[in-house]
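# Summary of structural features
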Amino acid sequence: MVDEFTQTLLGIMVAVIMLGMGASLTPRDFYLALRRPYGLFIGVVSQYGIMPFLGFLLALFLVVHEKIALGILLMACVPGGQKSSIFTYFSKGNLALSVLMTVTSTVSGVVLIPLILTIYAAALDIEIPREDIVKVLFVLLVPVAIGMSVRRLNANVGATIEFFGSILGVLFIVFIAVTWIPQNWQFLLNTTSATYTAAIGLGLVGITIGYFFAKSLRLHPRNARTVALETGIQNGPLAIAIIVFTFPPEQQQAIMAVPALYSLFIVIVSTCVTFVFRRANTAAEQKMPDSLL
Amino acid sequence: MVDTDRPWQAYYGANIRPVLDQATYRNIPDMIHSVAETYGKAKAFTCVLPNGMNGTLTFKQIDEMSDAMAVYLREIAGLSVGDRVAVQLPNCLGFPIAAFGILKAGCVLVNVNPMYTSEEMAKQFEDAEPHVLITIDMFADKVVEATRGHPIPNVIVTRVAEFFPAMPRGIVGLVQKYWDKVLKPIEVPHVRLPAALNAGREHIKNDRIEAEKYSQEVTLDDIAVLQYTGGTTGVAKGAMLTHGNLIMNMEQAMELLAGDMQKGEEVILTALPLYHIFAFTVNMLSFYWLGARNILIPNPRPLSNLKRAFENYKITWMSGVNTLFNGLNNEIWFRHSPPKHMKFAGAGGMALQAAVAERWREVAGCDVLQGYGLTETSPVLTFEPLGKAREGTIGIPVPSTEVACFDEHGQKLGIGEVGEIAARGPQIMKGYWKKPEETDNVMIDDWFLTGDIGVMDEDGYFRIVDRKKDMVVVSGFNVYPNDVEDVIATHPGVLEVAVIGVPDNSSGEAVKAFIVLSDKTLKQDDIRSFCKDHLTSYKVPKRVVFRDELPKSNVGKILRKDLRAEEMAQIAAE
């Protein structure tokens, strides 16, 4: 359960995060996404092919309540998040590709998310409020567009919004940890280990499959690391916003379980993966000129 | 009418005057002020941080603030004409204010590298004896130790986001302090730059002082800048560059661009540090004079720090060194969306490798033209004329400049003869600060000897064969490391390369190549056989070693001398 105050706060936070995401983008990023269909293809396949299917399998084979299964599916179907860029940076991945994949999956999500959700929900025999989800997705694209125009008008305001957006991205996780966890403590104790398996597995297995998918396309190791992180790291705040704004309050607790837990665990999972990637990163790296200042 | 002594004049085209008149201005302050009158509220300098946060000052603001700076230096710090003021700043809005203010006060600017250790600073301070130091909070912790030998009573401190709007300024300050932890406590008495400017303004208002009066006594022959350099002998010394040197070089550099650059319309990127003479004269002075907007990058490392500047501004010109262009060629974001509005780029500071220039043309879709010069020559001596560049050359001399090759007896050589490049013109320094014997070593009458070995073709294009001291003698044959490096650099698996000579029992000296690979599977023999296809056998490196990186100077020049020192130390140890 979340009270109304928390719900409003969550909404505002997600809006600011999306605003910040918009402020980090330029029209050129979209233009580039369109001009490079290969990158687009990889982004769409990993984000809307691999992840939803993984979510579907987890929901199908783990013995969970229908509402929990819906949460797994939702979490699997949202686009890539901004946090993937941070981990890509520390993994010495390809930042440009990371941004490109996030942009692609966020924009194409308006069409693809409801479509894929409908298919898998039907397969799992779960009901979803499709129109409401589309509405929320559209509403959340508005701050992205605003963020982009603000940056164009004033780079300082843009950079400031982006700064607060990325801080909020971190605070959001803290916020979940200090509000949602205590409020739902009993629920978390009673829920089965399958819920936790899904919350952790979605990220961990997603990253692993993403990596081997990229490898199978013979991508450069740097790009493979990027695709891996981009695949496994989802936009947690967006999933939570969809739930808060489309489902009745009494259903939210169970549906939100996996997205909330996922948002917490993905930080740990990605950090570990980053360490592995950094260790593996030896050869063929682009080197910065050492000393220009 | 072509001068047979100056065949290059045929390549100037209609727009370029072969000889420039006497400087248009009385001194640099005169230029600063009159340019500000013309461009007034247009944007002059914009400092851009990696996240896109920025601050901008107009021509009028720069003029007003540098007036206040000058008044502070004269009235409050109590300086007189000719007193030295050290400036130790990365590219930021404080730089032009400090530099212009010092010159307006009739004082001498001493550029100090912000990355210097306190020992290096101390050496320079002891030689230049500055009365005031203008520095940045990030590096101010070195001041205590650096001023032990020569105390500096007045320290003015600025910060990287100075004169930014309040919000970004605050954010940058907090991030630097608590996240990056780069701000250490400053243990010397100091005044903040804005406070110094306010104090200057108070004097202007209350005592009706006009900053203009300070520079009235300054002539073109007075020293404007002490620019430190290792020079040809390696001993650090200050080249005395006069107001006349800098104004003339600014006009010379711009003359060659006449017609290609529009007054008041260009937006240029300054990623090279302004304390370096190339960026100081060409980026700061010349483009200010042209009324361009100057995008200042405090720290171009890593190169992704430049991304926002390229995205947010329509850059029409940029300057760089080989390392910078090579780096950008290899950046994915740069390759994906190269700057659309760039007319061309200017390279200097070190030899631009043909492979890098070629790749730049493919990636950025515009030319990169190389200029050549030295600290002692303010710095520009030659430049490749747009559309008439010739691969492998450093172009032709700028107007009002004579360049020729000299043999070891000081005799002028003819076309095609290899010798030491010498130059004369209005940009040649007045001499080395307090080192007349060093000055004598590099001057033959009014000709300045560059220490570079080169050759002139029949059209007056010059080609550098190598640095005098870098030449390797293999069994009596001269090998110029640049020739070998140029070949190795064209190998697709090679990222960077440096070549030096090492002692060798059989050949006297042998060629040794240090290589940073992008394709780590390559073996020594691959490189050698590649060289054999392209070079005479005595030039092929006898030894090849692979490194993760190469030693570089603060502007990104690969330091062969460090590699040589390493080699010597190793031999001594054996």
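Quick caveat, the model's predicted, so the values are computed rather than measured.

Okay, the sheet that holds strand β4 (residues 108-111) of chain B next. All names here are of chain B. As summarised here, the arrangement of the eight strands in space is β7-β6-β5-β3-β4-β8-β9-β19, forming an open sheet in which the pairing is mixed. Edge positions in the sheet fall to β7 (191-192) and β19 (431-432), since each of these pairs with one other strand and no more. For β4 and strand β8 (residues 223-229), the ladder comprises two bridges, and the chain directions are parallel. Directly across from L109, in β8, lies its bridge partner V225.

In this section: unusual backbone geometry. Outside of glycine, negative phi angles account for most residues, and trans bonds account for most peptide bonds. Residues and elements named next belong to chain B. Residue R301 is joined to P302 through a cis peptide bond whose omega torsion reads -10 degrees. Looking at where P302 falls in the secondary structure, it is placed in the loop between β11 (293-296) and α11 (307-312). The omega angle of the peptide bond from S378 to P379 is 5 degrees, so this bond is cis rather than trans. Positive phi values are uncommon outside glycine, yet K181 reaches one of about 50 degrees. Note that K181 resides in the loop between α6 (166-179) and β7. Phi is positive for S400, close to 60 degrees, though the residue is something other than glycine. Judged by the 19 C-beta atoms lying within 10 Å of it, S400 is partly exposed.

Once that is clear, we can look at the confidence of the model for chain A. Here chain A shows a mean pLDDT of 84. Residues at 70 or above account for 95%. Here residues 282-293 of chain A scores under 50 on pLDDT; set against residues more than four positions off or in separate chains, the count is 35 contacts.

Let us look at the packing of helix α4 (residues 66-77) of chain A against helix α6 (residues 95-124) of chain A. Residue and element names in this part refer to chain A. Between α4 and α6, the least distance of the axes is 10 Å, while the angle of their chain directions is 150 degrees. Taken together, the axes of α4 and α6 are roughly antiparallel relative to one another. The interaxial crossing formed by α4 with α6 has right-handed handedness. Between α4 and α6, the contacting residues are A69, L73 and C77 on the first element and I113, I116, L117, Y120, A121 and L124 on the second. Across the contact of α4 with α6, the residue classes break down as nine nonpolar, no polar and no charged.

With that settled, consider the domain arrangement of chain B. Domains assigned within chain B are domain 1 (59-218) and domain 2 (473-573). If you average the C-alpha positions of domain 1 of chain B and of domain 2 of chain B, the two centres end up 43 Å apart.

What follows concerns the sheet that holds strand β2 (residues 54-58) of chain B. Two modes of strand pairing occur in sheets, parallel and antiparallel, and in both the strands are linked by backbone hydrogen bonds. All names here are of chain B. With mixed pairing, nine strands are arranged side by side in an open sheet as β2-β1-β11-β10-β12-β13-β14-β15-β16. Whereas interior strands pair on both sides, the edge strands pair on one side only; in this sheet they are β2 and β16 (396-397). Pairing geometry for strand β10 (residues 267-270) and β11, over four bridges, is parallel. Considered in β11, the bridge of V267 is made with R293.

Next up on the list: the interface of chain A and chain B. Opposite the 23 residues of chain A that make contact, chain B presents 37 residues. Breaking the side of chain A that touches chain B down by element, the ones donating at least two residues are α2 (27-35), α6 and α8 (155-183) of chain A. By residue number, the principal contributor to the side of chain A that touches chain B is α8(A), which donates seven residues. The class makeup of the residues in the side of chain A that touches chain B is twelve nonpolar, seven polar and four charged.

Further remarks concern the environment of V103(A). All names here are of chain A. Turning to its location among the elements, V103 is positioned in helix α6. Sequence separation between V103 and A239 is 136 residues; the distance between their C-alpha atoms is 16 Å. Discounting residues that sit within four places of it in the chain, V103 has contacts with L25, D29, F30 and A33.

This paragraph deals with the nonpolar core. Within the largest apolar cluster, 248 residues are counted, with the highest numbers of intra-cluster contacts made by I72(A), L73(A), L73(B), V85(B), V87(B) and L109(B). With twelve residues, helix α13 (residues 249-280) of chain A is the largest single contributor of residues to this core. By size, the runner-up hydrophobic cluster in this structure holds 24 residues, among which are V484(B), A498(B), A510(B) and V511(B).

So, about helix α3 (residues 37-61) of chain A. Taking 1.5 Å of rise per residue, 25 residues should cover 36 Å, and α3(A) covers 34 Å from first to last C-alpha, within 8% of that figure. By the largest-angle criterion, V45(A) marks the main kink of α3(A), which is about 30 degrees.

So, about the confidence of the model for chain B. Averaged over all residues, the pLDDT of chain B equals 90, while 97% of them reach at least 70. Here the predicted complex carries an ipTM of 0.77, next to a pTM of 0.82.

Conventions and cut-offs
Residues numbered from 1 in each chain as written. Chains lettered and ligands numbered in written order. Predicted model: local features only at pLDDT ≥ 70, side-chain atom pairs only at ≥ 80, totals over all residues. Pairing = 2+ DSSP bridges. Helix = DSSP H or I, 4+ residues; strand = E, 2+ residues; numbered from the N terminus. Buried ≥ 20, exposed ≤ 12 C-beta atoms within 10 Å, placed from the backbone. pLDDT = per-residue confidence, 0-100. Contact = placed C-beta atoms within 7 Å. Axes fitted to C-alpha atoms, helices over the stretch in contact; angles between N-to-C directions. Parallel < 35°, antiparallel > 145°, perpendicular 65-115°, else oblique. Left-handed = near helix turned anticlockwise from the far one by under 90°. Nonpolar A, V, L, I, M, F, W, Y, C, P; charged D, E, K, R; others polar. Domains from an automatic or database assignment. Core = buried A, V, L, I, M, F, W, Y, C linked by C-beta atoms within 7 Å. Expected span 1.5 Å × (residues − 1). Bend = angle between axes of the 7 residues up to and from the residue.

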